[in-house]
Amino acid sequence: MSDETPICSAKGCRADAVWVLAWNNPKIHTPERRKTWLACEEHREHLAQFLGVRGFLKDVVRFDEWQAPEDA
């Protein structure tokens, strides 16, 4: 585990991550697989919409509440 503060996944953003957006591309991932993007408050909705219109978004959880799957 790194001591670095996680940052937002939005292009060019260096803000602290507040949200975890869990997603899955059903064409290439098994149904239980979860990839994650991190988001600050400002970019959460934009990133969620990007994933949502593609049918990839599975869950949005506050970073401090996120529990990665054990096999990750």
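The preceding data block contains the structure.
Keep in mind the model is a prediction, meaning the values are calculated, not measured.

### Description of the packing of aromatic side chains
For step 1, the next point in the chain: Taken as a whole and assessed by the stated rule, the structure comprises three aromatic pairs.
For step 2, the next point in the chain: Taking 6.1 Å as the distance between ring centres and 20° as the angle between the ring planes, the aromatic pair formed by Trp-23 and Phe-56 counts as stacked. With Trp-23 in strand S1 (residues 19-23) and Phe-56 in the loop between helix H1 (44-53) and strand S3 (57-62), this residue pair connects regions lying 33 residues apart in the sequence. An identical accessibility class is assigned to Trp-23 and Phe-56; each is buried.
For step 3, the next point in the chain: Members of the aromatic cluster, joined through ring pairs, are Trp-23, Trp-37, Phe-50 and Phe-56.

### Notes on the sheet that holds strand S2 (residues 35-39)
For step 1, the next point in the chain: On the basis of which strands lie adjacent, the open sheet formed by three strands has the order S2-S1-S3 and antiparallel pairing. Among the strands making up the open sheet, the edge pair consists of S2 and S3. Taken over all neighbouring pairs, the strand axes of this sheet differ in orientation by 20° on average, direction set aside.
For step 2, the next point in the chain: Of the pairings in the sheet, the one linking S1 to S3 comprises five bridges and is antiparallel in character. Counted as the bridge partner of Leu-21 is Val-60 from S3.

Rules used in this analysis
- Residues numbered from 1 in each chain as written.
- Predicted model: local features only at pLDDT ≥ 70, side-chain atom pairs only at ≥ 80, totals over all residues.
- Heavy atoms only, no water.
- Phe/Tyr/Trp six-rings, centres within 6.5 Å; stacked < 30°, edge-to-face > 60°.
- Helix = DSSP H or I, 4+ residues; strand = E, 2+ residues; numbered from the N terminus.
- Buried < 20%, exposed > 50% of the residue type's maximum accessible area, 1.4 Å probe, protein only.
- Pairing = 2+ DSSP bridges.
- Axes fitted to C-alpha atoms, helices over the stretch in contact; angles between N-to-C directions.

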